[in-house]
Amino acid sequence: MKNDYDVRHLHVAAFARAAGQLVGEERLARFDRLMDESKGLGGELPVRFTVHGDIRPDAAGADAVWLRLSAEADVPMTCQRCLGPVDVALAFARDYRFVATEAQAEVEDETSEEDVLAISRDFNVLELIEDELLMELPPVPKHATCPHSVKFQAVDSDYVEEVPEKINPFAVLGRLKNGQ
Ligand SMILES: [Zn+2]
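Please read all numbers here as calculations on a predicted model, not as lab measurements. (Residues numbered from 1 in each chain as written. Predicted model: local features only at pLDDT ≥ 70, side-chain atom pairs only at ≥ 80, totals over all residues.)

## Let's talk about the overall build of the protein
Within the protein, the regular secondary structure consists of 5 helices and 5 strands. Going residue by residue from the N terminus, the α and β elements of the protein occur as α-β-α-β-β-β-α-β-α-α. In the protein, which comprises 180 residues, the proportion classed as buried is 21%. (Helix = DSSP H or I, 4+ residues; strand = E, 2+ residues; numbered from the N terminus. Buried ≥ 20, exposed ≤ 12 C-beta atoms within 10 Å, placed from the backbone.)

## Let's talk about the nonpolar core
Formed by 30 residues in total, the largest nonpolar core has its most connected members in Val12, Val47, Leu69, Ala71, Ala73, Val125 and Ile129. When contributions to this core are tallied by element, the ones reaching two or more residues are helix 1 (12–17), strand 2 (46–57), strand 3 (63–78), strand 4 (85–99) and helix 4 (125–135). Counting residues per element, this core draws most heavily on strand 3, at 7 residues. Discounting residues that sit within four places of it in the chain, Leu69 has contacts with Val51, Arg94, Tyr96, Val125, Leu128 and Ile129. (Core = buried A, V, L, I, M, F, W, Y, C linked by C-beta atoms within 7 Å. Contact = placed C-beta atoms within 7 Å.)

## What about the sheet that holds strand 4?
In spatial order, the strands read 1-2-3-4-5; together these 5 strands make up an open sheet with mixed pairing. In this open sheet, the two strands that pair with only one neighbour each are strand 1 (21–27) and strand 5 (115–118). For this sheet, the mean angle separating the axes of adjacent strands, direction not counted, is 30°. Pairing geometry for strand 3 and strand 4, over 14 bridges, is antiparallel. The residue bridging Met77 from the neighbouring strand is Val86, located in strand 4. Across the sheet, helix 3 (residues 102–111) is in contact with strand 4 and strand 5; its angle to strand 5 comes to roughly 175°. (Pairing = 2+ DSSP bridges. Axes fitted to C-alpha atoms, helices over the stretch in contact; angles between N-to-C directions.)

## Section: the pairing of strand 4
Once strand 3 ends, the chain turns through 6 residues before running back antiparallel as strand 4, passing Leu83 with a positive phi of about 65°. With 4 bridges joining them, strand 4 and strand 5 adopt parallel strand pairing. By the bridge assignment for strand 5, Phe98 is matched with Leu117.

## As for the environment of Phe49
In this structure, Phe49 sits in strand 2. Judged by the 23 C-beta atoms lying within 10 Å of it, Phe49 falls in the buried class. Excluding anything up to four places from it in sequence, Phe49 contacts Gly24, Glu25, Ser70, Ala71 and Ile129.

## Brief notes about unusual backbone geometry
For Ala19, which is not glycine, the phi dihedral falls at a positive 50°. Mapped onto the elements, Ala19 comes out in the loop between helix 1 and strand 1. According to the C-beta neighbour criterion, Ala19 is exposed, with 10 such atoms within 10 Å. Located in the positive-phi region is Lys39, a residue other than glycine, with phi close to 55°. Relative to the elements of secondary structure, Lys39 occurs in the loop between helix 2 (32–37) and strand 2.

## Some points on the environment of Gly20
Tracing the backbone shows Gly20 in the loop between helix 1 and strand 1. On the neighbour-count criterion, Gly20 (19 C-beta atoms within 10 Å) is partly exposed. Measuring from C-alpha to C-alpha, the distance between Gly20 and Asp54 comes to 7.3 Å, with 34 residues separating the pair along the chain. Excluding its chain neighbours within four sequence positions, the residues that come into contact with Gly20 are Tyr5, Phe15 and Gly53.

Next comes the structure, spelled out in structure tokens:
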């Protein structure tokens with residue numbers, strides 16, 4: 001999608017004042033840290049994102065600059081249950097309020113529900129998207145349901161136990177006692 005805004009070099013305040021919107025996608029290959037997680041796999045997969053800017057009055061009634069950001073991506077990883085490949089779906093949607101300086105952002109971020117960032121005329125939205133998607137990574141990637149052909153799988157309702165039923169030693173003892 002072609003528009004006047006550069007997602008890597010966003011003038012945040014101008015974008016917000018214009019109630020700017022960006023909808024786009026980038027290949028996973030452009031996100032180095034996500035590619036580390038996928039061990040280099042899936043570089044051709046899309047990372048889809050939307051960015052909305054607006055001005056909202058703060059508690060004191062002054063104009064505050066906000067971005068609303070959402071993104072989604074599938075990142076190929078290794079299932080820790082069956083060790084097969086699994087595409088882990090990541091997604092987030094979040095609002096950010098921008099303030100004048102890093103120091104102010106640090107202080108206000110502590111006490112605000114929303115994320116607070118320092119305003120910039122050259123803001124790399126893709127870097128923020130990558131930060132957020134990394135935070136969404138599951139600690140232990142795995143399939144919701146592992147594929148059927150998997151071996152060494154511990155729990156599977158369709159798996160038929162072929163080991164003969166274990167003899168219960170207490171039942172044997174009971175039969176002995178009863179003279180059977
Ligand atoms: Zn699995």
